[in-house]
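Commentary on secondary and tertiary structure
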Amino acid sequence: MRILKLLLLCLLQLSCTGQENEKINGVSFVASREPVTETQVAQIVKVHANHAAVMPFGFIRDIHSPEIVFDSERQWFGETSKGASQYIGELQKKGVKVMVKPQIWIWRGAFTGTLKMQSEKDWKTLETSYEAFILAYAKVAQKMKVDLFCIGTELQQFVTHRPAYWTALIKKIRAVYKGKLTYAANWDEYPKTPFWEELDFIGIDAYFPLSDARNPTMEQLREGWKPWKTKIAALAESKGKPVLFTEFGYRSMDFTGKKPWLVDAHDMQVNLQAQADATQVIFETFWPEDWFAGGYIWKWFIKHENAGGAEDNRFTPQNKPAQQVLSEFYKKY
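What you see is a predicted model, and the numbers here were worked out from it, not measured in a lab. (Residues numbered from 1 in each chain as written. Predicted model: local features only at pLDDT ≥ 70, side-chain atom pairs only at ≥ 80, totals over all residues. Heavy atoms only, no water.)

1. Observations regarding the pattern of salt bridges
Note the threshold: Salt bridges, as used here, are contacts in which a Lys or Arg side-chain nitrogen is within 4 Å of a carboxyl oxygen on Asp or Glu. Secondary structure counts use DSSP, requiring at least four H or I residues in a row for a helix and at least two E residues in a row for a strand, with both numbered from the N terminus.
The final tally for this structure, using the stated rule, is 16 salt bridges. Across the salt bridge formed by D62 and R61, the nearest N and O atoms sit 3.0 Å from each other. Residues R222 and E284 are paired through a salt bridge, measuring 3.2 Å at the closest nitrogen-oxygen approach. Of this pair, R222 sits in helix α7 (residues 218–239) while E284 is found in helix α8 (residues 272–286), placing the two residues 62 residues apart along the sequence.

2. Side note on the sheet that holds strand β3 (residues 57–60)
Applicable threshold: At least two bridges found by DSSP between two strands are what make those strands a pair.
Taking strand neighbours across the sheet as the criterion, the three strands line up as β4-β3-β6 in an open arrangement whose pairing is mixed. The open sheet has two edge strands, β4 (69–70) and β6 (103–106), and neither has a second partner. One ladder, built from four bridges, connects β3 with β6; its direction is parallel. Considered in β6, the bridge of F59 is made with W105.

3. Some details on the packing of aromatic side chains
Selection rule: Whether two aromatic rings pair depends on their centres lying within 6.5 Å, for rings of Phe, Tyr and Trp, where Trp uses its six-membered ring; planes under 30 degrees apart make the pair stacked, over 60 edge-to-face, and the rest tilted. Here, a charge over a ring is recorded when the distance from Lys NZ or Arg CZ to the ring centre is within 6 Å and its angle to the ring normal is within 35 degrees.
Overall, the coordinates contain 39 aromatic pairs when judged by the stated rule. We note K258 situated over the ring of F255; from NZ or CZ to the ring centre the distance is 5.7 Å.

4. Details of unusual backbone geometry
Omega for the bond connecting W298 with K299 falls within 30 degrees of zero, at 0 degrees, which places this linkage in the cis form. With respect to the element layout, K299 can be found in strand β11 (residues 292–300). In this structure, H48 takes a positive phi of about 70 degrees despite not being glycine. Turning to its location among the elements, H48 is positioned in the loop between α2 (38–46) and β2 (51–54).

Following this line, the structure appears as structure tokens:
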């Protein structure tokens, strides 16, 4: 039985990537105020990326609000359906495949995993609102013939409290979109996600804690991955689905492996080498595995010349040593 499951995973990998050794080597393409140009997309091709996640947004007032606002005139161009379609078109012209990954932004950056209604009425309103939001972009994905669609990102409380809703929603999405489906579960959420069997990929936002060290060695980072990798591989085998890192990446700062999900540590010391090392280790750990489909690095800005750089302690690998690591492994796979 175990051999049959492993064989199934290999066949799934072949059908989802098209080539035996090719992975989904993706970038998370940050929405901008303006259209993307051919020259800007060329920077993605330069690092040998073959996929990009296009991320339109919907907005919610707070973690107990049920109404999602999207496709608004107040949004940036790239956050809307018009902008997403323009981005997709330019990416496809350069041969870059696309995952459409609609996301929710809660005011003041509250974590989407805590979105939880306080009454049955509000849950029903949220369900109706989310369905309108996600189906609108599923239709965009179908119209633009993209390869992959993400049905949600880091919505643990919503998924936990309304599992039947999500099962029904997946069927509605499949009725309008004919490509592959995934869900982007947070790193501490994915083992409990109830509907992996109904999707094509187990999607994980891979911000796993690896080391408490200020400047972790590559060996410490490898050791940090071992227990997590064992659990991820076991889930892939039990579900018969390949794993996709719907987001992965590290900030170029001290303690980059301690809490890789941190977005608000603005005063942390820049550490370009730690980011490069952690990026190399995640590639070495996962990309050779047959059950692993690939991933999308967090994150890539369209104005490459202004992004990242030696003084930046944020996630993007752009204009940092991590960009060279990314390019080398994307070229290899």
